[in-house]
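Descriptive analysis of the structure
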Amino acid sequence: MKIWLDGGLQDIRSARVSVLDHGLTVGDGIFETLRTTDGRPFALTRHLDRLTRSARGLGLPDPDLDEVRRACAAVLEANPMPLGRLRITYTGGHGPLGSDRGEQGTTLVVALGGTERRPDTTAVITVPWTRNERGALTGLKTTSYAENVVALARARERGASEALFGNTAGRLCEGTGSNVFVVLDGEIHTPPLASGCLAGVTRALAVEWTGARETDLPMDVLDRADEVFLTSTLRDVQAVRRIDDRTLPGAPGPVTAKAMRVFEERAADDLDP
């Protein structure tokens, strides 16, 4: 397996990042995950745009997107696989043990791993922890991901693949690595970015392609929604069949099934929408 590290391809067994890299010591980094099919990434431009937004929000220098594109192409060529998870990680680089940044420049890593097509339906849980819609990292895709690790571990313990958060105002926000949509009286709704959720690439495409509305939603909407689905890079559009102890019979419902079909067709027509 070959990865890209700071300017070139390296063997994954010998590639090394400093133990004092700020991404490791204090989580000072950002990342993007892309789905790849037969060596072709999906929505690369949108992901790179968000990478730059996250870097600016964290106060990191803008990533060299030409280098990132070269790195993605090189890694994909070196590691052929039918369905993959391409990960771009960009950190503050070598730094002191505290929160102050060093002056030796940033670190760029691009790696690829195999994956499988997700099932059409899944189970989710809600968790008691909240997203801070007014936090310094709100809306940024950072490597400070431990909160998601804890929540996802709880979901796995309960036979689910995702955990859903509310925000500090008690409104529906997002999953650990997904955005959430609900169907009410035949209309699709998803929490607005002001809720604190990440501006998901798949979320934006689903809104554009299905006509979903951004709506401020209470958490209890999950108790009464006719249908619920998730979106993310590796899920695309995935129906929810169970939320905590509530079963949604017949998932995917008709609105979700149509959204799944539309997304699959539109994504197949344009790999960089």
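Anyway, here's the lowdown on the structure attached to this text. (Residues numbered from 1 in each chain as written. Predicted model: local features only at pLDDT ≥ 70, side-chain atom pairs only at ≥ 80, totals over all residues. Heavy atoms only, no water.)

1. A word on the side chain of Asp28
You can see Asp28 is positioned in the loop between α1 (22–25) and β3 (29–37). Residues contacting Asp28, with those up to four places away along its chain left out, are His22, Gly23, Leu58, Leu60, Thr91, Gly92, Arg101 and Thr143. (Helix = DSSP H or I, 4+ residues; strand = E, 2+ residues; numbered from the N terminus. Contact = heavy atoms within 4.5 Å.)

2. Topic: the packing of helix α2 (residues 44–58) against helix α3 (residues 65–78)
The packing of two helices is summarised by the inter-axis angle and the distance between the axes. Taken N-terminus to C-terminus, the directions of α2 and α3 make an angle of 135°; their axes are 11 Å apart at the nearest point. Judged on the interaxial angle alone, α3 and α2 are oblique. Along this stretch, α2 crosses α3, giving a crossing that reads as right-handed. From α2, Leu44, Thr45, Leu48, Leu51 and Thr52 reach across to α3, where they touch Leu65, Val68, Arg69 and Cys72. Of the residues that constitute the contact of α2 with α3, the class distribution is six nonpolar, two polar and one charged. (Axes fitted to C-alpha atoms, helices over the stretch in contact; angles between N-to-C directions. Parallel < 35°, antiparallel > 145°, perpendicular 65-115°, else oblique. Left-handed = near helix turned anticlockwise from the far one by under 90°. Nonpolar A, V, L, I, M, F, W, Y, C, P; charged D, E, K, R; others polar.)

3. Section: the packing of α2 against helix α5 (residues 201–210)
Relative orientation of the contacting elements α2 and α5 amounts to 125°, with a least axis distance of 10 Å. Relative to α5, α2 is oriented oblique. Judged by the twist between their axes, the crossing of α2 over α5 is right-handed. For the pair α2 and α5, the contacting residues are Arg46, His47 and Arg50 in the first and Val201, Ala204, Leu205 and Glu208 in the second. Of the residues belonging to the contact of α2 with α5, the class tally is three nonpolar, one polar and three charged.

4. Quick word on the packing of aromatic side chains
Per the stated rule, a full pass over the model turns up four aromatic pairs. Centroid distance Phe42 to Phe263: 6.3 Å. Interplanar angle 65°. Geometry classified as edge-to-face. Here Phe42, found in the loop between β4 (40–41) and α2, pairs with Phe263, found in helix α6 (residues 254–269); they are 221 residues apart in sequence, far enough to count as distant. One aromatic cluster is present, built from ring pairs that chain together Phe42, Trp209 and Phe263. In this structure, Arg35 packs its charged tip against the face of Phe42, placed 4.8 Å from the ring centre. The aromatic ring of Phe165 is capped on one face by Arg131, whose charged end is 4.0 Å from the ring centroid. (Phe/Tyr/Trp six-rings, centres within 6.5 Å; stacked < 30°, edge-to-face > 60°. Lys NZ or Arg CZ within 6 Å of the ring centre and 35° of its normal.)

5. Some points on α6
Since the α-helix packs 3.6 residues into each turn, any two residues three or four apart lie on the same face. With 16 residues, α6 should reach 22 Å at 1.5 Å per residue; the first-to-last C-alpha distance of 23 Å fits that figure. Turning to α6, its buried residues are Thr256, Ala259, Met260, Val262, Phe263 and Ala267. (Expected span 1.5 Å × (residues − 1). Buried < 20%, exposed > 50% of the residue type's maximum accessible area, 1.4 Å probe, protein only.)

6. Points about the environment of Arg203
Structurally, Arg203 can be placed in helix α5. Taking the C-alpha atoms as reference points, Arg203 and Leu83, 120 residues apart in sequence, are found 21 Å from one another. Discounting chain neighbours no more than four positions away, the residues touching Arg203 are Asn179, Phe181, Thr190, Pro191, Pro192, Leu193, Cys197, Leu198, Glu214 and Thr231. A distance of 3.0 Å separates a polar atom in the side chain of Arg203 from the backbone oxygen of Pro191. (Polar contact = N/O pair within 3.5 Å; in protein donor to acceptor, adjacent residues only side chain to side chain.)

7. Observations concerning unusual backbone geometry
Residue Ala251 is joined to Pro252 through a cis peptide bond whose omega torsion reads 0°. When you line up the elements, Pro252 lands in the loop between β15 (246–247) and α6.

8. Side note on the sheet that holds strand β5 (residues 83–91)
Backbone hydrogen bonds hold the strands of a sheet together, and the pairing may be parallel or antiparallel. Read from one edge to the other, the open sheet built from six strands follows the order β2-β1-β6-β5-β3-β4, with strand pairing classed as antiparallel. Each edge of the open sheet carries a strand with a single partner, namely β2 (8–11) and β4. Bridge count for strand β1 (residues 2–5) against strand β6 (residues 107–114) is two bridges, and the pairing is antiparallel. Bridge pairing in β6 links Trp4 to Val110. (Pairing = 2+ DSSP bridges.)

9. Digging into the side chain of Thr52
Note that Thr52 resides in helix α2. Not counting the four nearest positions on each side in its chain, Thr52 is found in contact with Asp62, Pro63 and Leu65.

10. Details of the nonpolar core
Counting 23 residues, the largest nonpolar core has Trp4, Val68, Cys72, Leu86, Ile88, Leu108 and Val110 as its most contacted members. For this core, the secondary structure elements donating two or more residues are β3, α2, α3, β5 and β6. Looking at this core element by element, the count peaks at six residues for α3. For Ile88, the contacting residues outside a window of four places in its chain are Ile30, Phe31, Glu32, Leu34, Leu48, Leu51, Val68, Cys72, Leu108, Val109 and Val110. Counting residues in hydrophobic clusters, the runner-up holds 17 residues, among them Phe181, Ala206, Trp209 and Ala259. (Core = buried A, V, L, I, M, F, W, Y, C linked by side-chain atoms within 4.5 Å.)

11. Quick word on the pattern of salt bridges
On inspection of all chains with the given rule, the structure shows 14 salt bridges. Put simply, Arg171 and Asp216 hold a salt bridge, and the shortest N to O gap is 3.3 Å. Of the two residues, Arg171 is situated in the loop between β8 (162–167) and β9 (172–175) and Asp216 in the loop between β12 (213–214) and β13 (227–232); the sequence distance between them amounts to 45 residues. Overall, Arg171 belongs to the partly exposed group, its relative accessible area being 26%. Judged by relative accessible area, Asp216 falls into the partly exposed class, the value being 46%. Here the salt bridges share partners, and the residues they tie into one network are Arg117, Arg118 and Asp120. (Salt bridge = Lys/Arg side-chain N within 4 Å of Asp/Glu carboxyl O.)

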